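In case you want the letters, here they are:
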Amino acid sequence: MVKSKGKENFAPTVPHKITCECGETFTLLTIIMNCPKCEMTYAVTPCGSSDKNNIKVAGIKYA
Ligand SMILES: [Zn+2]
């Protein structure tokens, strides 16, 4: 899905479940990931990836 630059392939410490604003629920398996339905990109800071509060919306098709 992404041209690999390295860091977007890191797995977060905890696989967070995300409920997207489009209603889709998916699991964040890498620190940056698109919603499978609407392609909104979610990202979590690598150093704080165990904390759900560090998940941010990066924008549509950011990744
Ligand atoms: Zn979505």
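The rules we used
- Residues numbered from 1 in each chain as written.
- Predicted model: local features only at pLDDT ≥ 70, side-chain atom pairs only at ≥ 80, totals over all residues.
- Heavy atoms only, no water.
- Pairing = 2+ DSSP bridges.
- Helix = DSSP H or I, 4+ residues; strand = E, 2+ residues; numbered from the N terminus.
- Axes fitted to C-alpha atoms, helices over the stretch in contact; angles between N-to-C directions.

Draft legend 1. Region of interest: the sheet that holds strand β3 (residues 32-34). With antiparallel pairing, three strands are arranged side by side in an open sheet as β3-β4-β5. One side of each edge strand has no neighbouring strand; the edge strands of this open sheet are β3 and β5 (55-60). Geometrically, the sheet is characterised by an average inter-axis angle of 25° between neighbouring strands, direction not taken into account. Sheet analysis places β3 next to strand β4 (residues 40-44), joined by three bridges and oriented antiparallel. Residue Ile32 lies in a different strand from β4, and its bridge partner there is Ala43.

Draft legend 2. Structural detail: the pairing of strand β2 (residues 25-28). Here strand β1 (residues 16-19) runs beside β2; their pairing, made up of four bridges, is antiparallel. Residue pairing in the sheet places Lys17 in a bridge with Thr27 of β2. Turn length for the β1-β2 hairpin, with the two strands adjacent in sequence and antiparallel, is five residues, and the turn residue Gly23 shows positive phi of about 105°.

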